[in-house]
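A closer look at the structure
These are the residues of each chain, in order.
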Amino acid sequence: MSTNYRYSDYSIEQLRAEIGKLKEKAQKAEQLGNISEVAVNERKMQVALAYTLNPKDFKAEKIYTLKTDPGYTFKINYINGVFAWGHRVNLLNEMNEQEEAIPISLLGDAVKYK
């Protein structure tokens, strides 16, 4: 395992192997009760997973469900690499003021309005 890595340089197979290793690390940390290590490994896993997706599948100005937070959707302002920059929107349709970047792997389906 390399200490100097960039997921953008990994092949899909290497990314999948890395995701598996990170999942194992997160599970071991959870068994040991190390919650912060669980969070770090899950975040790394989401970033690695984002590199297996096509950023062109996600569009600015569209709103997507959030896989990890059903109480919010996410409105994309723009995509930079495998990160979506935008704002969380709550169930009352109130948008968070602070812009944030999240890995595209956290985005679910585009929200369809009637």
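Residues numbered from 1 in each chain as written. Predicted model: local features only at pLDDT ≥ 70, side-chain atom pairs only at ≥ 80, totals over all residues. Heavy atoms only, no water.

What follows deals with the pairing of strand β1 (residues 63–66). Here β1 pairs with strand β2 (residues 72–80) via 3 bridges, running antiparallel. If you follow Y64 over to β2, its bridge partner there is F74. A loop of 5 residues connects β1 with β2, the two strands running antiparallel in sequence. Sheet analysis places β1 next to strand β5 (residues 107–110), joined by 2 bridges and oriented antiparallel. Across the sheet, residue L66 finds its bridge partner in β5, namely L107. (Pairing = 2+ DSSP bridges. Helix = DSSP H or I, 4+ residues; strand = E, 2+ residues; numbered from the N terminus.)

The next thing to look at is the pattern of salt bridges. Enumeration over the complete set of coordinates arrives at 4 salt bridges. Among the salt bridges present, the one from E100 reaches R88, with a minimum N-O distance of 2.6 Å. Of this pair, E100 sits in strand β4 (residues 100–103) while R88 sits in strand β3 (residues 83–90), and the two are 12 residues apart along the sequence. We classify R88 as buried; its relative accessible area is 19%. A single salt-bridge network, built from bridges that share partners, covers D69, R88 and E100. (Salt bridge = Lys/Arg side-chain N within 4 Å of Asp/Glu carboxyl O. Buried < 20%, exposed > 50% of the residue type's maximum accessible area, 1.4 Å probe, protein only.)

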